[in-house]
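These are the residues of each chain, in order.
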Amino acid sequence: MAFGIIKADTLTHSTAGSLATNFVVEGSAKAWHKGDAAGTSLLDSFNVSSLADTNTGIQTINLSSAMNNSSYSGHCTVMNNATYIGLITGATTSLYLGRVKNTSASAIDEIQGTTIFGDLA
C-alpha cells in the first residue's frame, strides 16, 4: 500500500467557502480524555497514553505525544454534576492534572473530561 502526503495551504468547500490549513492544525484539540470517577480507567481518549488516580478529585493524564511547551490551553468538564468545578493544573509537556472540586472547594471524585489545545512538540 502506498502512502502519500497531501500539501495544501487552503481547504475549499464548494458552498461553505475556504479556510487556511493552519486554522485546522492550530485550532484542533491535541489531546482529550474522559476518565471514570475513580481516575483509574480511560473511558475514551485521544493522544492519551494512560490515566492515574493521583488523589481525591485529581486525575493525572499522561500524553502519548508531548506538547511543545507547558503553556498550552485546556479545560476540564465535570460530567455528572453541573455544580462542581473542573480545573486543569500541573501542566508539563508530557502530562497535566484534571481536578474536580465541589461548591465548598473540596476535592471530589467525579467523571471528568479534559481537552488540550496548543502545539505538539
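So, here's what we can say about the structure.

The rules behind these values
Residues numbered from 1 in each chain as written. Predicted model: local features only at pLDDT ≥ 70, side-chain atom pairs only at ≥ 80, totals over all residues. Heavy atoms only, no water. Helix = DSSP H or I, 4+ residues; strand = E, 2+ residues; numbered from the N terminus. Buried < 20%, exposed > 50% of the residue type's maximum accessible area, 1.4 Å probe, protein only. Polar contact = N/O pair within 3.5 Å; in protein donor to acceptor, adjacent residues only side chain to side chain. Pairing = 2+ DSSP bridges. Axes fitted to C-alpha atoms, helices over the stretch in contact; angles between N-to-C directions. Patch = residues over 30% accessible without salt bridge, like charges linked within 9 Å, V, L, I, M, F, W, Y side chains within 5 Å. Areas by Shrake-Rupley, 256 points an atom, 1.4 Å probe, with all protein chains shown as cover. Salt bridge = Lys/Arg side-chain N within 4 Å of Asp/Glu carboxyl O. Core = buried A, V, L, I, M, F, W, Y, C linked by side-chain atoms within 4.5 Å. Contact = heavy atoms within 4.5 Å.

Observations concerning the side chain of Gln59
Item 1. Residue placement: Gln59 occurs in strand β6 (residues 58-63).
Item 2. According to the relative accessible area criterion, Gln59 is buried, its value standing at 2%.
Item 3. Among the polar contacts listed, one links the side chain of Gln59 to the backbone oxygen of Asp36, at a separation of 2.8 Å.

A few points about the sheet that holds strand β4 (residues 42-46)
Item 1. Pairing is antiparallel in the open sheet, where four strands are placed in the order β4-β3-β10-β7. Whereas interior strands pair on both sides, the edge strands pair on one side only; in this sheet they are β4 and β7 (73-78). Within this sheet the neighbouring strands show an average axis-to-axis angle of 10°, counted without direction.
Item 2. Sheet analysis places strand β3 (residues 31-35) next to strand β10 (residues 112-117), joined by five bridges and oriented antiparallel. By the bridge assignment for β10, Ala31 is matched with Ile116.

So, a nonpolar patch on the surface
Item 1. A cluster of nonpolar side chains, Leu11, Leu19, Phe23, Val24 and Val25, forms an exposed patch at the surface whose accessible area comes to about 450 Å².
Item 2. Within the element layout of this structure, Val25 appears in helix α1 (residues 21-27).

Quick notes on the pairing of β6
Item 1. Of all six residues in β6, six are buried, a share of seventy percent or more.
Item 2. Residues Ile58, Thr60 and Asn62 point to one face of β6 and Gln59, Ile61 and Leu63 to the other, with burial holding for every one of them.
Item 3. Here six bridges tie strand β5 (residues 48-55) to β6, and the two strands are oriented antiparallel to one another. Across the sheet, residue Val48 finds its bridge partner in β6, namely Leu63.
Item 4. Taking the residues between adjacent antiparallel strands as the criterion, β5 and β6 are bridged by two residues, where Gly57 takes a positive phi near 75°.
Item 5. Alignment of β6 against strand β9 (residues 95-101), held across five bridges, turns out to be antiparallel.

Looking at the nonpolar core
Item 1. Formed by Ala31, Val48, Leu51, Ile61, Leu63, Met67, Tyr72, Tyr96 and Ile116, the largest nonpolar core amounts to nine residues.
Item 2. Only β5 and β6 provide two or more residues apiece to this core.

Description of the environment of Asp109
Item 1. As for its placement among the helices and strands, Asp109 is situated in the loop between β9 and β10.
Item 2. Accessibility expressed as a relative area gives 35% for Asp109, which makes it partly exposed.
Item 3. C-alpha of Asp109 to C-alpha of Gly57: the two residues are 52 residues apart in sequence and 4.2 Å apart in space.
Item 4. Ignoring anything within four residues of it in the chain, the contact list for Asp109 reads Ala37, Asn55, Thr56 and Gly57.
Item 5. A polar atom in the side chain of Asp109 sits 2.7 Å from the backbone nitrogen of Gly57.

Some remarks on unusual backbone geometry
Item 1. Positioned with a positive phi, Asn47 is a non-glycine residue whose angle comes to about 60°.
Item 2. In this fold, Asn47 is placed in the loop between β4 and β5.
Item 3. Overall, the relative accessible area of 13% leaves Asn47 in the buried class.
Item 4. Positive phi, normally seen in glycine, also occurs at Ala105, with a value near 70°.
Item 5. Assignment of secondary structure puts Ala105 in the loop between β9 and β10.

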